[in-house]
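Chain by chain, the residues:
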Amino acid sequence: MTFATLGLIEPLLRSLETLGYQTPTPVQAQAIPAVLAGRDLMAAAQTGTGKTAGFALPLLQLLAMEGPKVSANSVRALILVPTRELAEQVHEAVRQYAENLPLRTYAVYGGVSINPQMMKLRSGVDLLVATPGRLLDLFRQNALKFNQLQTLVLDEADRMLDLGFSEELANIYKALPKKRQTLLFSATFSDDIRLLAGQMLNDPLSIEVSPRNVAANTVKQWVVTVDKKRKPELFVHLMRKGKWKQVLVFAKTRNGVDALVEKLQGLGINADGIHGDKPQATRQRALDRFKLSEVQILVATDVAARGLDIEDLPLVVNFDLPIVAEDYIHRIGRTGRAGSTGEAISLVCADEVNLLSAIEMLTRQTLKRQNEPDFEPEHRVPDTDASGQVIKKPKKPKKPKASGGGGKRNLGKWVDSGEVSAPEPSVKPVRKVPVFNTGPRKRKP
Ligand code: AMP
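Procedures and definitions
- Residues numbered from 1 in each chain as written.
- Predicted model: local features only at pLDDT ≥ 70, side-chain atom pairs only at ≥ 80, totals over all residues.
- Heavy atoms only, no water.
- Salt bridge = Lys/Arg side-chain N within 4 Å of Asp/Glu carboxyl O.
- Helix = DSSP H or I, 4+ residues; strand = E, 2+ residues; numbered from the N terminus.
- Core = buried A, V, L, I, M, F, W, Y, C linked by side-chain atoms within 4.5 Å.
- Buried < 20%, exposed > 50% of the residue type's maximum accessible area, 1.4 Å probe, protein only.
- Contact = heavy atoms within 4.5 Å.

## A look at the pattern of salt bridges
Close approach of charged atoms lets side chains of opposite charge pair. Evaluated as defined, the whole model comprises 17 salt bridges. Where E10 meets R14, a salt bridge forms, and the shortest distance between an N and an O atom there is 3.1 Å. Taken as a pair, E10 and R14 lie in helix α1 (residues 10-19) at a separation of four residues, close to a single helical turn. If you follow the salt bridges from partner to partner, you end up with K51, D155 and E156 in one network.

Shown next, in the form of structure tokens:
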């Protein structure tokens, strides 16, 4: 199968040739003809599957071939994404695909001045990539009209709900024309996402790129248990031992990111951090430098790292486990992409046992534990398995330091190709998700 057989026009085929895309990925093979035919889509696919081209290519084709010229302050296609970084990334991809088409594309997001965005929108934009909050601001300030809108894409819809955008989405939804094409992409399909889909989509075609957590299949995952206070020390030890070159590290909080970066920099290690408190330009610069290998260790919170496409990233380290189990899939999805293999290591302390259990239940695997000599925790991390059980053992008297490591047990196995199965929609992970509500609600101050 080729992109030409999917019905794409010549200017797009030329862009794809320049980019070196030869064969459509499974999500592209399914999505492109359906979008060209005007169908609504409900697609289970995450970053790394080629989903951006899956919706952007047919969208650009429809914009180029059909519909009126865009009017002032209007937009003909809207792609909503959860974070600023993803907005930049998606827009960059769109820009490359649209290289040979006479279309105007643009990205708007918060954290930067709104005025240049308002100026740019004056002459109208064919395709706009936006984060929900900034989009609403622009709409309320009359910088944007939706009467020409023909297509709406919700990218990473699950994440938008996780980040608390349900109210913004409901308000955007109310402002859009009822007659439009809607494409919804989500890595996972919780009840809230299904509710959202039910309200927004019209007779959608369901696409599932299986396995859903496709990235995990090419990622070798393991856990090192350690006492909380010794995590930084263990990280540095593993880094030196493994001669790590480029590592994306996830920490739970902004303070946690700053503290680890400071510690690493203090040791002369080339590290930088990104989190929501940092100005957008600083975040983008840190990311760009990491991509260019000018920064060796990039420490990030989940919000900042969502959807980042970093080529050939060999290693992801969970310095802290994520609070929302599904974020684990997203995090490790930063490695092992586009067919390459990767490694994901989680440093887990006793406090995090329930988070570990939730991840194992969601991904239906018991993560291999591989403890590091001299870092064995004083506060033992109880055994866990994919059933969601935390296996509490009666307290033992102090362990003798005998060789063979008495109580140490490896429950798990390496997770290699084909061993990770997709979570069923009925598996309800531990997560806090605001319910999408289309009814009138009080706006945030
Ligand atoms: P995405 O899932 O959209 O974030 O895409 C993941 C990565 O795969 C991006 O770097 C894309 O440029 C790349 N990509 C997408 N589709 C193809 C394709 N058909 N052939 C080669 N690379 C692709």
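## Examining the nonpolar core
Formed by 43 residues in total, the largest nonpolar core has its most connected members in L57, L60, I79 and L127. Elements represented by at least two residues in this core include exactly α1, α2 (26-36), β1 (41-44), α3 (51-65), β2 (75-80), α4 (84-97), β4 (125-130) and β6 (181-186). For this core, the leading source of residues is α3, giving eight residues. Non-local contacts of L60, meaning those with residues more than four positions away in its chain, are made with L12, V94, Y97, A98, L101, L103 and L127. Within the second largest apolar cluster, 37 residues are counted, among which are M42, V75, V108 and L184.

## So, unusual backbone geometry
One non-glycine residue, N73, lies in the positive phi region at around 55°. Mapped onto the elements, N73 comes out in the loop between α3 and β2. Of the residues examined, N73 reaches a relative accessible area of 17% and is grouped as buried. Not every positive phi belongs to a glycine, and S293 is a case in point at roughly 65°. Within the secondary structure, S293 is located in the loop between α13 (280-291) and β11 (297-300).

These figures capture arrangement, not role.
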